[in-house]
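Structural overview
Here is what each chain is made of, one letter per residue.
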Amino acid sequence: MKHYEDIISTVGGFGRYQKIQFIAVWIITGSTAFFQMGNTFYSASADHYCKVYDNQTYVDQSPLKNCTIPYSSGGRYISWDKCKRYDIVNVSQGISAEVCSSRSEETINCDQGWVYDKTWYENTVVIEYDLVCDNGWMRQLSKSVLPLGNLVGVVIFGQLADIFGRRPIFLVNVVLSLATAVITAFSPYYIMFLIGQFFLGIFPHSLYVTGNVIVMEMIGLEYRTRCGTILRIAFSVFYMMFGGLAALCHGNWRQIQLISGLMWIFYLPAFFIIVETPMWLIQKKKYEKAKTVLGRFAKFNKTVLPHDIFDEELLQVKNPDEVQPITKKQNATLLDVFRTPCLRRRVFFMCFNWFSCGFVYYGISLNTDLIGSNPYLTFFLAGLVEIPGRLLAWALMNAIGRRWSLCAFAVVGGVALMLSIPPDNVGLVVSIAMVSKLCLAAVFTMVYLYSAEIYPTVVRNTCMGLSSMSARVGSIISPYVMLLDVYWGPLPFIVMGVTSVVAGLLALLLPETRNRKLPETLEDGQFFGKVNKNGKEKSKVPIYKL
């Protein structure tokens, strides 16, 4: 059987037809940032204190506030109490000094609700549904339910894409993402908002993963690192655009959600642009359809597709008893991986790196409103620094290899995160936090490629799915780490920083894959990167250069 790399190089590894497909996938997958990062603003918390009369508005300093709200001057934080008020009756806007001086020092809960500072946010889910104080955990729940949807989507749609093809799953998720986003914008209850976020975790992320697979399966080997990196940059570009949209809507979550969904109407022409990948068609032995798609590639790329390219395969399909199998592939499962000690350790180390990526990356990204003075500017900068981070990752992976690059970025990012503990100098903390964000974006770019190169072909999809699930687990946990600041303000940053450093050090226990042919069997994977007593590598997988 002809190798797919030879087939795709015949019609052009990255010709005009693939570029059209790539641009379409680049735009659509990049737009998933609008949903993945949405809760940074949907669930943003504004300063607040207890309401004491109807139609009261937020005022930073006033006689009424001094009279009704306790002021805490002890501990690390000095601020107005957000969840208690003095028990004063007959309170009005024009409260008298006599009433204030005769108040009781006993406090009660905010029985009449809260007033919110709307300097930056006109209406968030937190403001609309009062997700503060005793209900504060519900704010973090809204941030964790979306990555939970990511996890579910990877499991379900990953399998469906292998069964029914990449194209139908990609296009179905375009429609479902559009419909779910628009419906969620009109949620009358918090529970409906949560359900909407859960499904917005499933559909757009499943589309993102499937889009990555489409790109990797329709281009030649020599273009995969380059195109994979550029595809990640799309997420960062739309990440920044989302910050601009949120600023234009002044933090009104319903407007942001509605516009984020309606823009997907412009992606419906993808039904006429995206085609099934030839690799999937060949794997499913749909050679006639594969030949048709490759014929389109050749026509647009101005190359020639041999007429007999699948004659041998078609003969085998029509007469399986007369033709010996061309290749015999090893069947393996995740259980076989865990039975192999070397592969088991490598899967664990890589999964921990993926977990760290999800845990730390989203821990920062979904809480940029807590860093700096202007939440929209900080969010925009957090997306902007990802672009040089991803490009630098691409350069260093080719220059010094995957292992040391991953270790360096993860360790530096973790240390920078621990140093970004909010000091009085806002500019300094934002600068250090952006260094951390740059490094973590680079790490996320690296683990996608590094994992695909380490895992043997027979279990690559399975292990990549396990790795992605590890990242989703980290993403689910990440919103709750910010709750640790009730014990000690810097604790959330330290926990995330230490996790990143540990992940970087574990990367040094993985084999280098730069300029190496990918391992195919479990035996290749077991000895990949190992050396014998003579200093020679045990693996039979050769070194190559493109």
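Let me begin by describing the structure that accompanies this report. Note that the coordinates shown come from a computational prediction; the quantities given were computed from them, not determined experimentally.

1. What about the pattern of salt bridges?
- Across all of its chains, the model carries 7 salt bridges by this definition.
- Residue R254 is joined to E128 by a salt bridge in which the shortest nitrogen-to-oxygen separation is 2.6 Å. Of this pair, R254 sits in helix α12 (residues 253-262) while E128 sits in helix α7 (residues 125-129); the two residues are 126 residues apart in sequence, bridging distant segments of the chain.
- On the accessibility criterion, R254 (22% relative accessible area) is partly exposed.

2. What to know about unusual backbone geometry
- In this structure, N55 is a non-glycine residue whose phi angle is positive, near 60°.
- By the secondary structure assignment, N55 is in the loop between β1 (48-50) and α5 (63-68).
- Unusually for a residue other than glycine, K302 sits at a positive phi of about 60°.

3. Quick notes on helix α1 (residues 4-11)
- Among the residues of α1, Y4, E5, I7, I8 and V11 are the ones counted as buried. The buried residues of α1 occupy one face: seen down the axis, they fall within an arc of 160°.
- On its buried face, α1 sits against α2 (16-30), α10 (190-218), α11 (224-248), α13 (278-283) and α14 (287-301).
- Directly after α1, the chain includes G12, whose backbone phi takes a positive value near 115°.

4. Focus on the side chain of R472
- Structurally, R472 can be placed in helix α22 (residues 460-481).
- Buried within the structure, R472 lacks any salt-bridge partner; E386 is the closest side chain of opposite charge, at an N-O distance of 12 Å.
- One polar contact links R472 to H205, side chain to side chain, over a distance of 3.2 Å.
- Beyond its immediate stretch of four places on either side in the chain, R472 contacts P147, N150, L151, H205, Y362 and F444.

Calculation criteria
- Residues numbered from 1 in each chain as written.
- Predicted model: local features only at pLDDT ≥ 70, side-chain atom pairs only at ≥ 80, totals over all residues.
- Heavy atoms only, no water.
- Salt bridge = Lys/Arg side-chain N within 4 Å of Asp/Glu carboxyl O.
- Helix = DSSP H or I, 4+ residues; strand = E, 2+ residues; numbered from the N terminus.
- Buried < 20%, exposed > 50% of the residue type's maximum accessible area, 1.4 Å probe, protein only.
- Arc of directions from axis to C-beta.
- Contact = heavy atoms within 4.5 Å.
- Lys, Arg positive; Asp, Glu negative; His and termini not counted.
- Polar contact = N/O pair within 3.5 Å; in protein donor to acceptor, adjacent residues only side chain to side chain.

Note that all results are geometric; they support no functional claim without further evidence.
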